[in-house]
Amino acid sequence: YHLNISKSITTNIFFSLKHKFIPLLKNQIGSRLLQNYLPYTNTEIISLIYQELSDKLTFLLPDPYANYFCIKLFQNLSLKERISFLTNISKQIVHLSTNKISTCSIQSLIANINTKKEKELFVKSINKVIKKLAYDSCGAHVLEKVLICFEREYTGNIISFVVENFILLANNVNGLCLAKKILVSEYQSENFLYLKMILKENCLSLIENPYGNYA
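The sections below set out a description of the structure shown in this document. (Residues numbered from 1 in each chain as written. Predicted model: local features only at pLDDT ≥ 70, side-chain atom pairs only at ≥ 80, totals over all residues. Heavy atoms only, no water.)

Quick look at the overall build of the protein
- Across its full length, the protein holds 17 helices and 0 strands.
- Each of the three principal axes of the protein carries a C-alpha extent, and together these read 70 × 30 × 25 Å.
- Counting only residues that meet the buried cut, the protein has 47% of its 215 residues in that class.
- Taking the contacts inside the protein whose residues are at least 6 apart along the sequence as the reference set, 71% of them involve residues at least 24 apart.
- As displayed, the protein offers around 11,500 Å² of accessible surface, 53% of which is attributable to carbon and sulfur atoms.
- Side-chain charges of the protein comprise 24 positive and 16 negative groups, with the mean position of each set lying 6 Å from the other. (Helix = DSSP H or I, 4+ residues; strand = E, 2+ residues; numbered from the N terminus. Buried < 20%, exposed > 50% of the residue type's maximum accessible area, 1.4 Å probe, protein only. Contact = heavy atoms within 4.5 Å. Areas by Shrake-Rupley, 256 points an atom, 1.4 Å probe, with all protein chains shown as cover. Lys, Arg positive; Asp, Glu negative; His and termini not counted. Charge placed at Lys NZ, Arg CZ, Asp CG, Glu CD.)

Here it is as structure tokens:
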């Protein structure tokens, strides 16, 4: 009732919902209402909400309704809180990136990351698991999103992995998107000379492959 007559999450609403956010966020209507109110809620209340949910993010992001709220919450946090958010999810980055629901949330987060510290933190969390992500139907798109949204200074490890494993990735249903992305993004770099050489050497096998032929 209080949510329906309010335009923001007030102090009274927050304390009436304290310890009750999880079931509300896992409900379609509840999640939508709270998302709509976040932009009009003062920063102190948003910080209290984050404190309430910070250790539950890896549980909420794979939820079909709560994940939308989590992204909206991230957009309204302070930089310090955003760093905390990214640190908390980094422990489960493979699971979150390869889950069919939370992969969309992770890709949305990548698009909303805009500071050097955030980018360095996120890239650090995926650098050791690039191979696991590259051959996964959802994880490959997370890496592709990083290549699209982050500057080259942050994507070196991903680029190197794709270049070094280009043929394997190009012939893989999931890795193909990364192979094609690198062909375009590396067109004017030194890597392209190497890519042209291996394309020539493996031309026939690529053409005959149902995925590699696109490369």
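Next, the rest of the story.
Notes on the side chain of Q35
- For Q35, the location among the structural elements is in helix α3 (residues 28–37).
- Leaving out residues up to four positions away in the same chain, Q35 has contacts with Y65, Y68, F69 and K72.

Here's the deal with the pattern of salt bridges
- Per the stated rule, a full pass over the model turns up 8 salt bridges.
- Its salt-bridge partner being E52, residue K18 comes within 3.2 Å of it at the nearest N-O pair. With a gap of 34 residues between them, K18 in the loop between α1 (11–17) and α2 (21–25) and E52 in helix α4 (residues 43–53) connect regions that are remote in the sequence.
- A relative accessible area of 12% places E52 in the buried class.
- As a salt-bridge pair, E120 and K116 come within 3.1 Å of each other at their nearest N and O atoms. Of this pair, E120 and K116 both sit in helix α10 (residues 116–127), separated by 4 residues, roughly a single helical turn.
- For E120, a relative accessible area of 39% gives the class partly exposed. (Salt bridge = Lys/Arg side-chain N within 4 Å of Asp/Glu carboxyl O.)

Some points on unusual backbone geometry
- Although it is not a glycine, H19 adopts a positive phi angle of roughly 70°.
- Taking the relative accessible area as the measure of exposure, H19 reaches 66% and is therefore exposed.

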